[in-house]
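# Structure assessment
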Amino acid sequence: MEIKKIFVIGAGLMGAGIAQVAIQSGYDVILNDISESTLANGATGIEERLNRSVAKGFMSHEEKDACMKRLTCSMELASAAECQFVIEAIYENFEAKRAVFEKLDVICPPETILSSNTSSISLTALSSVVKRPEKFIGMHFFSPVPVMKLLEIIRGLRTSEDTLSAAREVGERLEKVMVVAKDMPGFIVNRILIPMLNEAVQILDESIGTVEDIDNGMKCGCNHPMGPLALADMVGLDVLLAAIEVFYSELGDSKYRPAPLLRKMVKAGYLGRKSGAGFYLYEAGGKKLGVNPVLNQ
């Protein structure tokens, strides 16, 4: 089956980023969201990023216009019936994803491949809610998708070789570096990354170091391009908490217990860049303004 059109569910930063790289790679894309404003913002963000590429000389006006012609926005999940490949990129919650895939299983033709951008939820568990588990696979992109080269592909227990080959074909066309991971919580990257970010929050909570000292320690001592607390703000503290809670629930080891300060920050509405405040404060464009003063109390 030739994959010509991709259906992307979720028009937030991740979903819009996936849609962008897909239209830039020549795929026709339908970008879907239940929120009209989120869908409009997602499409606007794509066009703005492409306009910046034109301004920098990375693409022509004609190439940009051709990309945008390949993008369609729809609030109707039924539009997925037109597509050969689906990528779900909604928030990290099993029941929410389950509800989407149960509907897609009815809407999409039997040959359509269903995939999830989940960063921590079992692909075998997700695939169990559809009648085509052999055509279900994980396609875990990294944010910002147009910049980050990695694509982590995860096989469920019943994922077929043909589905894996199709996912690889899409990844290659999107010019991603691919790794294939076993279906375990966090897979490869987040199994390493999420506990590190959680531990950085715990170190802050124990007053072992300040926000800036912890970030500078990892940037200058381990050559990380971004400190763990700044990275947590970029990921979203609610997303980080949801992921580490999955680890703790599935693996049962105390080393995956969420840091109490992380829970407090989420309850207080300090979610990181997207809320304007996390471990740092941010202005509307995402520029860092300084450390969140509540952490100095």
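Each value, and the rule that gives it
Residues numbered from 1 in each chain as written. Predicted model: local features only at pLDDT ≥ 70, side-chain atom pairs only at ≥ 80, totals over all residues. Heavy atoms only, no water. Salt bridge = Lys/Arg side-chain N within 4 Å of Asp/Glu carboxyl O. Helix = DSSP H or I, 4+ residues; strand = E, 2+ residues; numbered from the N terminus. Buried < 20%, exposed > 50% of the residue type's maximum accessible area, 1.4 Å probe, protein only. UniProt positions renumbered as here; feature names shortened; annotations may be inferred. Phe/Tyr/Trp six-rings, centres within 6.5 Å; stacked < 30°, edge-to-face > 60°. Lys NZ or Arg CZ within 6 Å of the ring centre and 35° of its normal. Pairing = 2+ DSSP bridges. Axes fitted to C-alpha atoms, helices over the stretch in contact; angles between N-to-C directions. Expected span 1.5 Å × (residues − 1). 1 Å grid on protein atoms, 1.4 Å probe; cavity = no way out; pocket = protein on both sides within 12 Å on 5 of 7 lines; lining within 4 Å. Points joined across faces, edges and corners; volume = space filled by probe spheres on them.

## Points about the pattern of salt bridges
A complete count under the given rule lists 10 salt bridges for this structure. As a salt-bridge pair, Glu 102 and Arg 98 come within 3.1 Å of each other at their nearest N and O atoms. Placement of the pair is Glu 102 and Arg 98 together in helix α4 (residues 94-107), with a separation of 4 residues, close to one helical turn. With relative accessibility at 31%, the residue Arg 98 sits in the partly exposed group. Through salt bridges with shared partners, one network takes in Glu 47, Lys 64 and Asp 65.

## Brief notes about the UniProt feature "domain: 3-hydroxyacyl-CoA dehydrogenase C-terminal" (unreviewed entry) in the protein
What UniProt calls "domain: 3-hydroxyacyl-CoA dehydrogenase C-terminal" (unreviewed entry) maps, in this numbering, to residues 186-282. Helix makes up 62% of residues 186-282 and strand 3%, whereas the separation of the span's terminal C-alpha atoms amounts to 28 Å.

## Here we look at the packing of aromatic side chains
Inspection of every chain in the model, using the stated rule, returns 2 aromatic pairs. Summarising the aromatic geometry, the rings of Phe 101 and Phe 136 are spaced 4.8 Å apart at their centres and angled 65° between planes, so their arrangement reads as edge-to-face. Of this pair, Phe 101 sits in helix α4 while Phe 136 is found in strand β6 (residues 136-141), placing the two residues 35 residues apart along the sequence. Look at Phe 101 and you get buried, because its relative accessible area is 0%. A ring pair is formed by Phe 247 and Tyr 256, whose centres lie 5.8 Å apart and whose planes are at 85°; its orientation type is edge-to-face. One exposure class covers both Phe 247 and Tyr 256, and it is buried. Residue placement shows Arg 173 over the ring face of Tyr 27; its charged tip is 3.9 Å from the ring centre. Positioned above the aromatic ring of Tyr 280 is the side chain of Lys 288, whose terminal nitrogen or guanidinium carbon lies 4.1 Å from the ring centre.

## Observations regarding the sheet that holds strand β1 (residues 5-9)
The strand order across the open sheet formed by 8 strands is β3-β2-β1-β4-β5-β6-β7-β8, and the pairing between neighbours is mixed. Each edge of the sheet is formed by a strand with only one pairing partner; in this case those strands are β3 (71-74) and β8 (177-181). Adjacent strand axes in the sheet meet at a mean angle of 25° when their direction is disregarded. As paired strands, strand β5 (residues 113-116) and β6 are joined by 3 bridges and run parallel to one another. The residue of β6 that forms the bridge with Ser 116 is Gly 138.

## Some details on helix α2 (residues 36-55)
The end-to-end C-alpha distance of α2 is 29 Å, a good match for the 28 Å that 20 residues give at a rise of 1.5 Å each. Burial in α2 covers these residues: Leu 39, Gly 42, Ala 43, Gly 45, Ile 46, Leu 50, Ser 53 and Val 54. Downstream of α2 by one or two residues, Gly 57 has phi in the positive range, about 85°.

## Observations regarding the layout of surface pockets
Taken as a whole, the second largest pocket holds about 440 Å³ of empty space. Those elements that place two or more of their residues in the lining of the second largest pocket are α1 (13-24), α2 and α3 (61-69).

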